[in-house]
Amino acid sequence: MRFGRIAAFLAVSLAVAGSAPASAHPSPGHDDGSLRAAARGSGVHIGTAVDMAALAADAPYKAAVAREFDTVTPENVMKWEVVEPQPGVYDWAAADQLVDFARRNGQLVRGHTLVWHSQNPAWLTEANYTPAQLRALLKKHIFDEVGHFKGRVWAWDVANEVFNEDGTLRDTIWLRALGPDYIADAFRWAHQADPKTLLFLNDYNNEGVNAKSDAYYALTKKLRAAGVPVQGYGMQGHLALQYNLPGDVLENVRRFDRLGVKTAFTEVDVRMQLPSDTAKVQAQAEGFGLLLRACLIAKNCVSYTVWGFTDKYSWVPGVFEGEGSATPFDENLQPKPAYDTLRETFLLVRR
Ligand code: G3I
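These figures come from a predicted structure and were not determined experimentally.

Section: the site of the ligand
And then number 1: The ligand sits among 14 residues. The nearest are Glu 75, Lys 79, His 112, Gln 119 and Glu 267.
And then number 2: One of the side-chain N or O atoms of Glu 75 is found 2.4 Å from an oxygen atom in the ligand.
And then number 3: For the ligand, whose unbound accessible area comes to 790 Å², protein coverage reaches 46%.
And then number 4: Taken together, the residues of the shell around the ligand sort by class into three nonpolar, seven polar and four charged.

In structure tokens, the structure reads:
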């Protein structure tokens with residue numbers, strides 16, 4: 001029945017006029033106009049990255065996280081530099097707060113991220129440690145962090161951004177010190193620390209079929225053939241209107257379906273060169289819809305997460321000069337057409 005609806009579904013225009021966001025306290029099962037209500041029963045979780053400073057200081061932001069999403073990802077507070085600022089000195093406070101918030105609001109948590117080249121603590125360098133010590137540190141980090149959140153984190157982005165655009169492995173502290181097997185080791189350690197959590201690869205520019213996603217396809221196949229517990233393929237989904245939208249996302253997601261792994265869109269936003277205008281806002285809505293459509297049509301796509309839901313706290317303007325307006329809500333927490341497209345898309349496809 002799902003596939004019978006696809007043609008009609010694809011033909012539907014996803015640009016819909018703005019509507020008001022939902023009320024703060026929906027009753028279960030009732031469509032209160034939120035994304036969360038629209039996603040219910042679709043088989044795909046709807047998530048957002050959460051900025052913990054905003055969650056603490058901004059009540060409307062906090063209410064919207066609870067109202068609109070059934071999954072949360074810490075934007076920064078589970079990263080190594082935050083959880084272990086000094087060797088052996090852990091600070092789980094902010095991450096625990098988010099996990100508690102999620103539990104109170106009936107939300108799942110996506111953990112982000114265990115092994116990465118970025119946002120590592122300043123003390124973690126090749127000058128300070130031998131390769132054998134670095135391997136022991138990575139193992140301890142994964143056991144300690146996954147162990148700390150055991151039973152409370154639904155899925156982990158285990159290995160983040162391990163490939164270059166050309167499909168070669170990224171030159172990182174981990175590749176240099178430990179060689180390519182660090183990826184398999186990270187998955188094995190995470191699985192040992194919490195056998196029930198779902199373990200994901202995760203990257204950007206890997207949504208369509210290209211050299212990078214080919215490399216992930218080959219790696220996933222190889223790891224699974226070797227019995228390494230990789231259960232998911234994460235596509236961040238950081239799109240930019242000036243680079244066009246990838247046309248072959250569904251084809252890519254489907255080949256990972258066939259490998260038997262779950263897939264997820266983990267950090268979706270669609271940035272644009274400012275100023276915004278009506279055409280860009282509509283194109284942005286299509287970008288959000290394109291990825292959600294692929295997720296809903298694919299068999300094993302389990303979640304769709306936006307990397308921040310409001311322009312008030314988006315990472316984009318701080319990194320890309322002259323770009324922004326990348327999220328489904330504006331700075332005043334008012335929904336844009338992208339928001340309505342997400343809701344409409346959920347409501348059109350039921351798995
Ligand atoms: O926490 C410090 C704060 O103490 C200090 O006062 C402030 C001064 O600049 O910096 C704060 O740290 C910043 C941190 O975000 C928390 O706000 C860092 O400078 C800043 O670099 C960091 O940026 C994050 C970025 O990852 C780092 O690579 C973004 O918020 C976050 O959205 C972004 O997320 C990544 C994903 O993890 C992986 N995929 C790409 C995505 C976007 O870059």
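Some details on the environment of Lys 312
And then number 1: Checked against the element boundaries, Lys 312 lands in the loop between strand E9 (301-306) and helix H13 (316-319).
And then number 2: The class for Lys 312 is partly exposed, based on a relative accessible area of 41%.
And then number 3: Leaving out residues up to four positions away in the same chain, Lys 312 has contacts with Asp 58, Asp 330, Glu 331 and Leu 333.
And then number 4: Within the local environment of Lys 312, its side chain forms a polar contact with the side chain of Asp 58, the two groups lying 2.8 Å apart.

A look at the nonpolar core
And then number 1: Residues Trp 156, Trp 174, Ile 183, Phe 187, Phe 265 and Tyr 304 are the most contacted members of the largest nonpolar core, which totals 95 residues.
And then number 2: Those residues in contact with Phe 187 that lie beyond four places of it in its chain are Val 158, Ala 159, Leu 199, Phe 200, Leu 201, Val 228, Pro 229 and Val 230.
And then number 3: With five residues, the next largest nonpolar core counts Leu 198, Phe 200, Ala 264 and Val 302 among its residues.

As for the packing of aromatic side chains
And then number 1: Applying the stated criterion across every chain, the model contains 17 aromatic pairs.
And then number 2: Aromatic side chains Trp 80 and Trp 123 sit 6.4 Å apart centroid to centroid with 80° between the ring planes, which places their arrangement in the edge-to-face category. With a gap of 43 residues between them, Trp 80 in helix H5 (residues 80-83) and Trp 123 in the loop between strand E3 (108-115) and helix H7 (131-148) connect regions that are remote in the sequence. Across the pair, exposure class does not vary: Trp 80 and Trp 123 are buried alike.
And then number 3: Ring-pair connections join several aromatic residues into one group, and the members of that group are Tyr 61, Phe 69, Phe 309, Tyr 313, Phe 329 and Tyr 339.
And then number 4: Sitting over the ring of Tyr 204, Lys 212 keeps its end group 3.8 Å from the ring centre.

So, the pairing of strand E8 (residues 262-273)
And then number 1: A large share of E8 lies buried, amounting to ten of its twelve residues.
And then number 2: Two elements, strand E6 (residues 232-235) and E8, share four bridges in a ladder whose sense is parallel. Residue Met 235 lies in a different strand from E8, and its bridge partner there is Phe 265.
And then number 3: Sheet analysis places strand E7 (residues 238-240) next to E8, joined by three bridges and oriented parallel. Residue pairing for E8: His 238 is matched across the bridge by Asp 269.
And then number 4: By the bridge criterion, four bridges tie E8 to E9 in an arrangement that is parallel. Bridging from a neighbouring strand, Thr 263 pairs with Cys 301 of E9.

Quick word on unusual backbone geometry
And then number 1: Of note, the bond from His 112 into Thr 113 is cis; its omega dihedral lies within 30 degrees of zero at 0°.
And then number 2: In this structure, Thr 113 sits in strand E3.
And then number 3: Look at the link from Leu 274 to Pro 275: it is a cis peptide, with omega at 5°.
And then number 4: By secondary structure assignment, the location of Pro 275 is in the loop between E8 and helix H12 (278-297).
And then number 5: Even without being a glycine, Glu 161 presents a positive backbone phi close to 60°.

Parameters at a glance
Residues numbered from 1 in each chain as written. Predicted model: local features only at pLDDT ≥ 70, side-chain atom pairs only at ≥ 80, totals over all residues. Heavy atoms only, no water. Near = heavy atom within 4 Å. Polar contact = N/O pair within 3.5 Å; in protein donor to acceptor, adjacent residues only side chain to side chain. Areas by Shrake-Rupley, 256 points an atom, 1.4 Å probe, with all protein chains shown as cover. Nonpolar A, V, L, I, M, F, W, Y, C, P; charged D, E, K, R; others polar. Helix = DSSP H or I, 4+ residues; strand = E, 2+ residues; numbered from the N terminus. Buried < 20%, exposed > 50% of the residue type's maximum accessible area, 1.4 Å probe, protein only. Contact = heavy atoms within 4.5 Å. Core = buried A, V, L, I, M, F, W, Y, C linked by side-chain atoms within 4.5 Å. Phe/Tyr/Trp six-rings, centres within 6.5 Å; stacked < 30°, edge-to-face > 60°. Lys NZ or Arg CZ within 6 Å of the ring centre and 35° of its normal. Pairing = 2+ DSSP bridges.

So yeah, pure geometry; function would need other evidence.
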